[in-house]
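Coordinate analysis (summary)
What follows is each chain in one-letter form.
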There are 8 protein chains.
Amino acid sequence: MKFDDLERVFERLPFATIDHLRPLTQGHQEVVFCLGKTAEQVVAIAERLAAASGTFLATRAEAEHREALAARFPRAEVNALGRTVYLPPDPEPAPTGRGTVLVVTAGTSDLPVAEEAAVTARALRNRVERLTDVGVAGIHRLLTQTDALRHAAVIIVVAGMEGALPSVVGGLVKVPVIAVPTSVGYGASFGGLAALLAMLNSCASGVTVVNIDNGFGAAAAASRINHT
Amino acid sequence: MKFDDLERVFERLPFATIDHLRPLTQGHQEVVFCLGKTAEQVVAIAERLAAASGTFLATRAEAEHREALAARFPRAEVNALGRTVYLPPDPEPAPTGRGTVLVVTAGTSDLPVAEEAAVTARALRNRVERLTDVGVAGIHRLLTQTDALRHAAVIIVVAGMEGALPSVVGGLVKVPVIAVPTSVGYGASFGGLAALLAMLNSCASGVTVVNIDNGFGAAAAASRINHT
Amino acid sequence: MKFDDLERVFERLPFATIDHLRPLTQGHQEVVFCLGKTAEQVVAIAERLAAASGTFLATRAEAEHREALAARFPRAEVNALGRTVYLPPDPEPAPTGRGTVLVVTAGTSDLPVAEEAAVTARALRNRVERLTDVGVAGIHRLLTQTDALRHAAVIIVVAGMEGALPSVVGGLVKVPVIAVPTSVGYGASFGGLAALLAMLNSCASGVTVVNIDNGFGAAAAASRINHT
Amino acid sequence: MKFDDLERVFERLPFATIDHLRPLTQGHQEVVFCLGKTAEQVVAIAERLAAASGTFLATRAEAEHREALAARFPRAEVNALGRTVYLPPDPEPAPTGRGTVLVVTAGTSDLPVAEEAAVTARALRNRVERLTDVGVAGIHRLLTQTDALRHAAVIIVVAGMEGALPSVVGGLVKVPVIAVPTSVGYGASFGGLAALLAMLNSCASGVTVVNIDNGFGAAAAASRINHT
Amino acid sequence: MKFDDLERVFERLPFATIDHLRPLTQGHQEVVFCLGKTAEQVVAIAERLAAASGTFLATRAEAEHREALAARFPRAEVNALGRTVYLPPDPEPAPTGRGTVLVVTAGTSDLPVAEEAAVTARALRNRVERLTDVGVAGIHRLLTQTDALRHAAVIIVVAGMEGALPSVVGGLVKVPVIAVPTSVGYGASFGGLAALLAMLNSCASGVTVVNIDNGFGAAAAASRINHT
Amino acid sequence: MKFDDLERVFERLPFATIDHLRPLTQGHQEVVFCLGKTAEQVVAIAERLAAASGTFLATRAEAEHREALAARFPRAEVNALGRTVYLPPDPEPAPTGRGTVLVVTAGTSDLPVAEEAAVTARALRNRVERLTDVGVAGIHRLLTQTDALRHAAVIIVVAGMEGALPSVVGGLVKVPVIAVPTSVGYGASFGGLAALLAMLNSCASGVTVVNIDNGFGAAAAASRINHT
Amino acid sequence: MKFDDLERVFERLPFATIDHLRPLTQGHQEVVFCLGKTAEQVVAIAERLAAASGTFLATRAEAEHREALAARFPRAEVNALGRTVYLPPDPEPAPTGRGTVLVVTAGTSDLPVAEEAAVTARALRNRVERLTDVGVAGIHRLLTQTDALRHAAVIIVVAGMEGALPSVVGGLVKVPVIAVPTSVGYGASFGGLAALLAMLNSCASGVTVVNIDNGFGAAAAASRINHT
Amino acid sequence: MKFDDLERVFERLPFATIDHLRPLTQGHQEVVFCLGKTAEQVVAIAERLAAASGTFLATRAEAEHREALAARFPRAEVNALGRTVYLPPDPEPAPTGRGTVLVVTAGTSDLPVAEEAAVTARALRNRVERLTDVGVAGIHRLLTQTDALRHAAVIIVVAGMEGALPSVVGGLVKVPVIAVPTSVGYGASFGGLAALLAMLNSCASGVTVVNIDNGFGAAAAASRINHT
């Protein structure tokens, strides 16, 4: 494809350049990241995406974004905990990934990030399962679930505080493990830095890491793995 | 398996507890991380691993570790640039992964980390290819290689300084991209911190990150993905 | 000029010392930085500047500053997105710089900082153009604009998250590139630190950097370059 | 005791003020911390302590300190791995603590810090046991040792990298757990900072922390607990 | 106990996995950490704990948590300063620890953290005493209390700003000292970091540290010590 | 004085221990630091101090503290900009220091901290003068004031952003210079950290530094110098 | 130019991809950054560059790099202080920039970075002048040189410690000022971080910043400005 | 004095601009800071200073600096511990300050910094006394010295690790206290950062701080105070 052709696939709004090449290059269209955008901008971008493909996913959608999108797209599914708005294709197609994306959380407070990951993984056409509140301070809660862990195709582990859970999970399974540090904690957690550093230094080989609270990114990576 | 059985699969040396369960739980035996160990300790652990399986991989092997291992295991392959010592099985079996692990480096100074990744990926039974010195300041060096990027099963991107390369690669392909920040740089690179933060904040969805200079970890994760 | 003369050109308010030497030493009068000042202080300083030269520029003007200035100077132009209030000379003179200052933004959320830069550059008598939402995750959005990049006299590149765009732009052009990190991002972006470090470590030679979110400073530097 | 009396119990050397009150206030005499002292200073202080009580303990003793102390005190026990020199009382009295201090290490590279802790605990008259290389990446190595953990009076857990082991141990036992982060690791471990932060954020209640690599401090605290 | 049995002792709610093993493994049941949980989630967990044992303790309870818990459990004791809600057993049993837990605070602003510690220590069945506002800038306020310090079984020292108090206390007594840095301060206190670092570097041997503002953790550790 | 006597000079409230020794040891009575205290606590402490000496100074007094103190002490002087409440002795005695404390500010936004310093210096019985908005970007504003600088007994320099002013002032005079970094700035000022580090690294010998925004501390130090 | 053509202009060595497009895109050929490269790699790259254009510049050349280059290119000019090796074209062409690049240093210890900048600016065909040891602690050393400052086309200001000099220079002139923080200092300079932060927060508008010790980058930016 | 006159008092060497105005502006001539200078540069600067005034002081003099200065100036006094070389005037004049500068150290390892301070204070014509190894872990060592503390005109307190000593000293005396954090410590002392932060957050009013290990700066400030 030449640069002239390329230019035709970019839709230039005053405040955004929508890249309709993404389904080709990335396997899925752009996702609307609401942080720092006005509700009007978010709706305008969602309209272009829905027009092009009949679906969109918005993440980090605060109340005003959610309300504006819900008003404009009555069929869209709003997940307040995970701060997502998802307009599924109609009808919604079957998952295409090879296996299941398992989302594991260390504690109750990590659920918003886990929900963002789960909704994203579904929107990217993966089967999704969840395992909740199995942090390492009560290690047997996790060990009784070893079978579930081993049957997943990819595991996303969401944890704040000391971020130890991915190391333990990584040592129990052969499949790829994606660690998501969360900003859950206080004091010397420094907004998730403690968990992030712990995960980067994991003694379990084969654990990779995404940004703090980045449930979306973990799911996008998991989906790439599940669709390879 | 019960705890009593488990205890039998651990080999307890005075300074190490070798976990012969790893091939079952992780898909491959333990790798010897030489940093902070004496040459004697490294050789002793390598002997146990070689005895159990006819192969071992040692990483972060400084000159004294490399010499001691080479003296004890004449058949071992020493890679001074990547600081690895690898005793391949005899005969070396064919790769078992689904596709190719492509190791991309931003600059010449990133090669030691890339070599560690490449040797590790091979030891974990993956086909490996390399693409060298294609950093973003001369973006066309990368763009002429788009086909190579798209044919890989997993891409490891090794970059120091501003760590921008994984974002560009992540935007060009659908396959999983593992970013390895390196400590290449000076001043405000803070030993690789700049590249690490850049990679964690990548605007390309689906990029995951390992520790600074952790070529081994990137390859271990790539191999998990390639064997799923 | 002797110290005694100098003293006469300083206007001493109880809370500020206005430096009427600036047009001589710096090429333009003082700009009102509203952060940390009361609306009353801001209006009082703007009055002195308008009295001296018929124009002023206020930056980092929050709602209360903007309202107070608009009430006092009905002819002033308020830019809520860029948080600026600009009283243009009447009539507004033609730009005096040698060429065009091009303001490039990586994403929609970077627009407030880009607007501050664009308004400032105009107030300092430069021609200004904009290129929006061309971040590196969809690199072709930028590459189709290479001509626009090469025709500018100075380029200001505004980017948050991983801050990779200035490196790519710097590698495509010969003209000076000023990088502005923004606080757009979350988690390990640490309020723009990730983008700042990335830009300081740019592998593209000839990129210089200003403070996080400092659109004003980037435009002031660009104007110096454009008027040399 | 009045201030005048107090002054008599301080022995003032040109470079140190030895506090012979410590056995009364702290339960044991001063320990010689060699870092930043010359060999001559270390020997001089050790002589005063040996003269007063027939015993001394020196920590952070580098080669030159160790050699000077060994030359002056032939009966002293030198531990090169733990960098300690200990002159036991003659005869060495039985331990006085209520139970056993168990020193647990995550990996082989953590052994120097663990040895410093073990030697210190013995010098402070505690029974000491060791459990080595039971890091969380192979969690079953630890779980098979639950009995040993539960029979200790105090547990010192020494770990570098992600510092996860104290959280798991803390969740398995009722007894006090003292976590010692080590500087083992590289890159984003930042000299032990990652492990330190993880331990401070432990989700296991009742874990307390000492400085990075501070095996001595952990043992001193454990001894206080064991002698309460 | 086998894994199958273990599973029966975990109560799985949609958002939490309650670990009824804790009284066995840890000596006390789970404590409800309210931060990041909704009032509904907190009440639901408290109900399960009260049903199992007739008591619960909730920490970091903000106003909405406190109100919801007080409404549901009229007998519960609300401590607004310490942000705790405690439902004591009926009748409340006598303390079981060997001695007294003394909670010492450097300044008035440290009281909320000290109260969290005191309430927790009581809930874990310890006798508790307090010593308030004895910071080091007026050292004689502390020195007149040496007897109180020496009669405690464990001392918790709560201090913000420069965090010097634990070093002085640690030098005056033989018993275990647990230091709690608080976020009291401003500027270069960096949210308690200054006090935390000071405490980790204490020149008094035998001082251990918990996370910033972690009164709960300090009391849990003190209770382990007091019950050993 | 013996410990028993000492105890009599401490006034123990439930939340504070007032140290009536301070006038003897420190040359002035305690100052009420309001941050983190309730209005009730602040008033109660102020009452004790006023009863003992007919005067008090409260710093970091937020609106609710100021209102409560003004209501209770109608004669007290409230400085909203500097967030102080000062009850002067009646009649107010003459300054006792040897010379003048000069408070220099770099910019208008630094005035609140400068006011805190000026009020404190007066309360500690020093003559006070002010020099405002003489930052280094217009260096001649300062150079025309060299005489004023040289006639002071002590100079307090208050500056945010890059914190360069104390270095320039320190090079122009022989008298002691106390630098106060302020949190004025944004982005990479990191809440005053940039100015703090600059001041600590001042190339002008003889500059000392206090905490960020610590106008009180600067004045207390200046007063000690002025009264020596 | 099409991608196929592009590929022909890249020279692929095993460890480097030389970009012969740079003179077109950047205005000058690649510069050899020696840090992290072996002497053999450096010589090999220099040979390719010299073959293509008769000139090369190597920066961050340690002793072994310098010796290897000097041996291979006897005509090359070695600057040990600035750690550069420069092979000028033969004959060396006249400068092409519009004016003079003035390199100003705060102190003697900043000279290595200033030399790197000066040599680079010359290699990029600029006239270069120097002004040495005019730091702000003796401000009159700078003020007597105002004419020299005002006659430059671009000013590079090199300073360590508190990094205040660029703010003062920026306030005295209209031309572009590029600030280079150096790692000169100790303690809280944190390897140049203090100077870097100060420069980023400069209150003088129009100052831009490069990485710590990056004399090369400052000169490359200055040359871009001087050739616009 | 006019700028033209000023220029005559600066002696311009190729690598330094010696400011012979300093005795007028600062009360003493320039001090040679050796860090980052060659031995030749240091000797050349010392020669100019000795020629002008018959005396010089060099600080941070490493072995090669010390040897070169001692060879050139046989009468100079070398202090290897404090890394100073001092050529006293002949004859050495009596101290001119009003009182005594007391240098207090927390531990033996802090002595090098204390010596730098003591030599500098003497060179600046102050009477100097020392109090050594009186850290807070054995608080009575300090309390027995209260009289010495109270008789000083200025107190310099040198401490590493947790840096608590200045807070205690500041609370015992009325005179100015200058705190010098040292890099003594390990792990979470982060090269003196812990002590620096502690001192900046001192709860004792009137304590000011200089850079880590900056004994020279503390003495320069103390001398200013002592000569006011």
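Check the entry above for the structure.
Structure report, in brief. Not measured: the values here are computed from a predicted model. (Residues numbered from 1 in each chain as written. Chains lettered and ligands numbered in written order. Predicted model: local features only at pLDDT ≥ 70, side-chain atom pairs only at ≥ 80, totals over all residues. Heavy atoms only, no water.)

Of the transformation placing chain H onto chain G, the axial shift is 0.0 Å and the rotation is 90°, giving an RMSD of 0.0 Å. Both copies are brought into coincidence by an operation consistent with a four-fold rotation axis. For chain H, the minimum C-alpha distance to the rotation axis belongs to F190 of chain H and amounts to 7.2 Å. (Least-squares fit on C-alpha atoms with pLDDT ≥ 70 in both.)

Counted under the stated rule, the structure contains 16 aromatic pairs over all chains. Where F33 of chain C meets Y186 of chain F, the ring centres are 5.8 Å apart and the plane angle is 40°; that geometry is what we call tilted. Note that F33 of chain C is positioned in strand β3 (residues 32-33) and Y186 of chain F in the loop between β10 (177-181) and α9 (193-200), a pairing that runs across two chains. Assigned by exposure class, F33 of chain C and Y186 of chain F land together as buried. The side chain of R60 of chain H reaches across the aromatic face of Y186 of chain G, ending 4.1 Å from its centre. Positioned above the aromatic ring of F73 of chain H is the side chain of R72 of chain H, whose terminal nitrogen or guanidinium carbon lies 4.7 Å from the ring centre. (Phe/Tyr/Trp six-rings, centres within 6.5 Å; stacked < 30°, edge-to-face > 60°. Helix = DSSP H or I, 4+ residues; strand = E, 2+ residues; numbered from the N terminus. Buried < 20%, exposed > 50% of the residue type's maximum accessible area, 1.4 Å probe, protein only. Lys NZ or Arg CZ within 6 Å of the ring centre and 35° of its normal.)

Next up on the list: the sheet that holds strand β6 (residues 84-87) of chain A. Residues and elements named next belong to chain A. The mixed open sheet is built from four strands, whose spatial order is β3-β4-β6-β5. With partners counted over all chains shown, the strands left at the sheet margins are β3 (32-33) and β5 (77-79), one partner each. The pairing of strand β4 (residues 56-59) with β6 spans three bridges and is classified as antiparallel. Across the sheet, residue A58 finds its bridge partner in β6, namely V85. (Pairing = 2+ DSSP bridges.)

Attention now goes to the interface of chain H and chain G. Across the contact, 25 residues belong to chain H and 19 residues belong to chain G. Of the roughly 1800 Å² buried at the junction of chain H and chain G (both faces included), carbon and sulfur atoms supply 59%. There are zero salt bridges connecting chain H and chain G. Along the contact surface separating chain H from chain G lie eight residue pairs in polar contact (both at pLDDT 80 or more). Listing elements by their share of the side of chain H that touches chain G, those giving two or more residues are α1 (3-8), β1 (10-12), β2 (17-19) and α9 (193-200) of chain H. Of all the elements, α1 of chain H adds the most residues to the side of chain H that touches chain G, at three residues. When its residues are assigned to classes, the side of chain H that touches chain G shows twelve nonpolar, five polar and eight charged. (Contact = heavy atoms within 4.5 Å. Buried area = accessible area lost by both parts, 1.4 Å probe. Salt bridge = Lys/Arg side-chain N within 4 Å of Asp/Glu carboxyl O. Polar contact = N/O pair within 3.5 Å; in protein donor to acceptor, adjacent residues only side chain to side chain. Nonpolar A, V, L, I, M, F, W, Y, C, P; charged D, E, K, R; others polar.)

Moving on, we get to the environment of G217 of chain F. Tracing the backbone through its elements, the reader meets G217 of chain F in helix α10 (residues 215-227). Each residue touching G217 of chain F, except ones within four places of it in the same chain, is listed here: V210 of chain F together with G206 of chain H.

Here the focus is helix α10 (residues 215-227) of chain D. Turn by turn, an α-helix covers 3.6 residues, leaving residues three or four places apart pointing in a common direction. Residue and element names in this part refer to chain D. Between its terminal C-alpha atoms α10 stretches 18 Å, which fits the 18 Å expected from 13 residues at 1.5 Å a residue. Where burial is concerned, most of α10 is hidden: twelve out of the 13 residues are buried. Three or more residues of α10 are buried, namely G215, F216, G217, A218, A219, A220, A221, A222, S223, R224, I225 and N226. (Expected span 1.5 Å × (residues − 1).)

Any functional reading would require information that these geometric values do not contain.
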